[in-house]
Amino acid sequence: MIELLVVIAVIALLFGMLMPSMKRSVHLANSAICINNLREVGLLLRMYRVDNDGWLPVVEPPIASVTASGGSPDVWFLKLYPTYFQDSALLTCPEDPFKRRMATLDRLDTYDDRSWDGETLERARRIADFPSFGLNSFIMTGDRGRLANVERYEPSRPGDTILLADLGPDQVEEEVAGDFAGRRGGPERSGALLGWGEDFDVIDGQVQSWLTTRHNDCINILTLSGGVRRGRTLTTLDRPVDSYYEDCSRGGCTLCRELSLNHYSFAQDRLFWWTGSLPDSKNGF
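Quick caveat: nothing in here was measured; it's all calculated off a predicted structure. (Residues numbered from 1 in each chain as written. Predicted model: local features only at pLDDT ≥ 70, side-chain atom pairs only at ≥ 80, totals over all residues. Heavy atoms only, no water.)

As a further point, take the pattern of salt bridges. Under the criterion given, the structure shown has eleven salt bridges. In this structure, D170 and R214 form a salt bridge, with 2.6 Å as the shortest nitrogen-oxygen distance. Taken together, the residues D170 in the loop between β2 (162–166) and α4 (177–183) and R214 in the loop between β5 (206–207) and β6 (219–223) connect sequence positions 44 residues apart. Where R250 meets E246, a salt bridge forms, and the shortest distance between an N and an O atom there is 2.9 Å. One end of the pair, R250, and the other, E246, are both in helix α6 (residues 241–250), four residues apart, so they sit about a helical turn from each other. (Salt bridge = Lys/Arg side-chain N within 4 Å of Asp/Glu carboxyl O. Helix = DSSP H or I, 4+ residues; strand = E, 2+ residues; numbered from the N terminus.)

Here's what the structure looks like:
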């Protein structure tokens, strides 16, 4: 009996020592899947641009509105589905605690434009907030929407320009948890668009909203050239506002140098919302 207890104790000790390593391996594997999904969505966006004269799948405000022509919600990734992809898991990150929400998308192809009743439309509007990834909203709306034609108005450094990234938040605020749990099953995510300065408080430097620390205090970011890089969000949150604006401007950020817009900065990772001049810099955004 004593020998058996010793063996059990040794096994328990070894298991406890291996657990952190196993968890780290799982996180690394999930991050690799996330990176692969980002690249795949980037390829789909490139295919869409080829078929649409260089344009990304632009949306009209409000982001999840119902278009007058067809009745379906005006959301960028619904313009890719189901023509360019059929598996909703492609728009999810395994580290996203709300990734299961995207399974709803697979049920939408049972409806045509003429059968969108009120309940179905409401579900489709909510789908705008379900993906794990968001598209750069500055590209979609900058210079009166012309930047969305990235073939014609390509930035000077597409390899440093944000296109798609991990989208949070990954939690629900306590005061609205009950409301979201009943209606949405998770937090709102700005219609799957990355706001460059949403909820940015320039006075005390607090940055909140969609920024997440999903991958070891980082997010995965797909650039316009198709590469995936890491953006250090926790470091961004901890840094004083003035210092990273200075770094961002030196890096050639258009939002700093031409528009003086308050924005989240990933300049420390050589990633920017837009690089180079705008087609009409006087009118800017």
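Having put the structure on the table, let's press on.
The next subject is the sheet that holds β6. Read across the open sheet, the five strands follow the order β3-β1-β2-β6-β7; overall the sheet is mixed. Unpaired on one side and paired on the other, β3 (193–194) and β7 (228–231) mark the two borders of the sheet. One ladder, built from two bridges, connects strand β1 (residues 133–136) with β3; its direction is parallel. Bridged to N136 within β3 is L194. (Pairing = 2+ DSSP bridges.)

For the rest of this paragraph, the subject is unusual backbone geometry. Trans is the prevailing form of peptide bonds, just as negative phi is the prevailing case for residues other than glycine. Look at the link from Y81 to P82: it is a cis peptide, with omega at 0°. The omega torsion across G168 and P169 is 5°, close enough to zero to call that bond cis. Relative to the helices and strands, P169 is located in the loop between β2 and α4. The residue D53 is not glycine, and still its phi comes out positive at about 55°. Among the structural elements, D53 can be located in the loop between α1 (2–51) and α2 (118–127). With a phi angle near 55°, S190 is a residue other than glycine that sits in the positive phi range. For S190, the position within the fold is in the loop between α4 and β3.

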